[in-house]
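Descriptive analysis of the structure
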Amino acid sequence: MASGAVRSLDVMAAIDPSKQRWIPWMHRALQLAGLAAGHTSPNPLVGAVVLASDGQLVGEGFHARAGEPHAEVGALAQAGAAARGGTIVVTLEPCCHHGRTPPCSEAVIKAGLQRVVVALTDPDPRVAGGGIQRLRDAGLEVITGVLEAEAAHQNRAFVHRVQTGRPWGVLKWAMSLDGRTALPNGASQWISGPAARSWVHRLRAGCDAVIVGGGTLRADDPLLTSRGQRQPEPLRVVLSRSLDLPEQAQLWDQSVASTLVAHPALTDWAGRERLRAAWEQAGVAVQSFEQCDPSALLPLLAARGCNRVLWECGPSLAAAALQQGCVQELAVVIAPKLMGGDLARTPLGDLGLTAMDQVVPLALDSAQSLGNDLLLQARLRGDFID
């Protein structure tokens, strides 16, 4: 027997026997939830399946986007009368509060179900176990913690925002095999190949905002969209201390996607009147901060409903985002090219480290090929996780 199969049997043996029978159905519910990845913010991803009293599948549903029916409601509607006496398997605790839609816990009770199987307790203070208690008070059997780790990973951005008040941050860059992000003269298009660039478009589609600094805007005039893979497109954010920004840029075209410019509160607008007028005419949003830092920007983005944001910035802003706990995950594309240059253009600015025991610790999640390029994805761990 393969070692992977042995490990799977060991894991199954360690699971409460009362929960094992629900694992395949919870896997299906998680698959359903993932169909809406990138579209539900500020809400979580949720999937649900309904089983009749004889164990047959009679309904499926997932939460497609904020304001639309929740997963439980969709699955119960599909099941109809066959739900009575049956079981609903759901990736997140049914809500018990009135938001844009009525409480799902009440819909579950009204359907006449016998049992509710839940993966993850909702961290939202408006729920936080209240939905489960409401179901139990109504006489339903509630089983919790089935594939809890998988559900928590799927909704890590939502959980992080609820618990910290800041979106989950992904820092992405592309570099050559010798660690360069540009030639000494600044040329950088294109380091990675078409397959990697298409993957970045998909990554943006799974994020609610894409953040750059003024240097990236001046050097690259980026578009920062998913190329139509998400509607609406992610919010494009420019964090600039100097506001030394071009009057003409793709980011100012709001017919493509919305843009927010963040700058220090005491910015001197002298000589920038035409830029400000161009923004006002185009509908670009402008926000000032006392401290124009990544950590000041994130609560604003959380308040706008952003669960997950993408940092596609230069080395100085990337280093600041890391130092201020604004990054939880890295996505690095490595192209099999050598760019050289004594004046190295590297992905990260100075982190102020002086000893090897101070380096930023990472947990490697995956490595995969994207055409001729290599994609590494990793999470920050230890003291660098806020």
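Just above sits the structure.
The rules behind the values
- Residues numbered from 1 in each chain as written.
- Predicted model: local features only at pLDDT ≥ 70, side-chain atom pairs only at ≥ 80, totals over all residues.
- Heavy atoms only, no water.
- Phe/Tyr/Trp six-rings, centres within 6.5 Å; stacked < 30°, edge-to-face > 60°.
- Helix = DSSP H or I, 4+ residues; strand = E, 2+ residues; numbered from the N terminus.
- Lys NZ or Arg CZ within 6 Å of the ring centre and 35° of its normal.
- Disulfide = S-S within 2.5 Å.
- Buried < 20%, exposed > 50% of the residue type's maximum accessible area, 1.4 Å probe, protein only.
- Lys, Arg positive; Asp, Glu negative; His and termini not counted.
- Salt bridge = Lys/Arg side-chain N within 4 Å of Asp/Glu carboxyl O.
- Contact = heavy atoms within 4.5 Å.
- Pairing = 2+ DSSP bridges.
- Axes fitted to C-alpha atoms, helices over the stretch in contact; angles between N-to-C directions.
- 1 Å grid on protein atoms, 1.4 Å probe; cavity = no way out; pocket = protein on both sides within 12 Å on 5 of 7 lines; lining within 4 Å.
- Points joined across faces, edges and corners; volume = space filled by probe spheres on them.
- Nonpolar A, V, L, I, M, F, W, Y, C, P; charged D, E, K, R; others polar.

**Quick notes on the packing of aromatic side chains**
By the definition in use, this model includes one aromatic pair. Ring centres 5.2 Å apart and planes at 70° place the aromatic pair tryptophan 252 and tryptophan 279 in the edge-to-face group. You can see tryptophan 252 sitting in the loop between β8 (235–239) and β9 (259–264) and its partner tryptophan 279 sitting in helix α11 (residues 273–282), a full 27 residues away along the chain. Above the plane of the ring of tryptophan 190 lies arginine 197, whose end atom (NZ or CZ) is 4.6 Å from the centre.

**Thoughts on unusual backbone geometry**
In this model, serine 41 is joined to proline 42 through a cis peptide bond whose omega is 5°. Relative to the assigned elements, proline 42 resides in the loop between α3 (23–34) and β1 (47–51). The omega torsion of the bond from glutamine 189 to tryptophan 190 falls at 0°, within 30 degrees of zero and hence cis. Within the secondary structure, tryptophan 190 sits in the loop between β6 (168–176) and α9 (194–205). A positive phi angle, near 55°, is found at leucine 147, a position not held by glycine.

**Remarks on the state of the cysteines**
Within this structure, the stated rule accounts for zero disulfides. Cysteine 326 carries a free sulfur, and the closest cysteine sulfur to it, the one in cysteine 313, is 10 Å from it.

**Comments concerning the side chain of arginine 161**
Structurally, arginine 161 can be placed in helix α8 (residues 156–164). Comment: no salt bridge for buried arginine 161; closest opposite-charge side chain is aspartate 124, at 6.2 Å. Contacts of arginine 161, omitting those with residues within four sequence positions, involve Pro42, Arg166, Pro167, Ala302, Cys306 and Asn307.

**Some remarks on the sheet that holds strand β5 (residues 141–143)**
Strand order in the open sheet formed by five strands is β2-β1-β3-β4-β5, with mixed pairing between adjacent strands. Each end of this open sheet is capped by a strand with a single partner; those strands are β2 (57–62) and β5. Direction aside, the axes of adjacent strands within the sheet are offset by 15° on average. Here strand β3 (residues 87–92) runs beside strand β4 (residues 115–120); their pairing, made up of five bridges, is parallel.

**Points about the layout of surface pockets**
In this structure, the largest pocket occupies an estimated 1300 Å³ of space. Around the largest pocket sit 47 residues that line it, and Thr216, Asp220, Glu312, Cys313 and Gly314 are the ones nearest its centre. Looking at the lining of the largest pocket, the elements that each hand over two or more residues are β6, α9, β7 (209–213), α10 (214–220) and α13 (315–323). Top contributing element to the lining of the largest pocket by residue count: α10, with six residues. Looking at the lining of the largest pocket residue by residue, the class counts come to 21 nonpolar, 16 polar and 10 charged. In terms of lining, the second largest pocket is formed by 26 residues, of which the most central are Ala37, Gln154, Arg156, Gly206 and Arg308.

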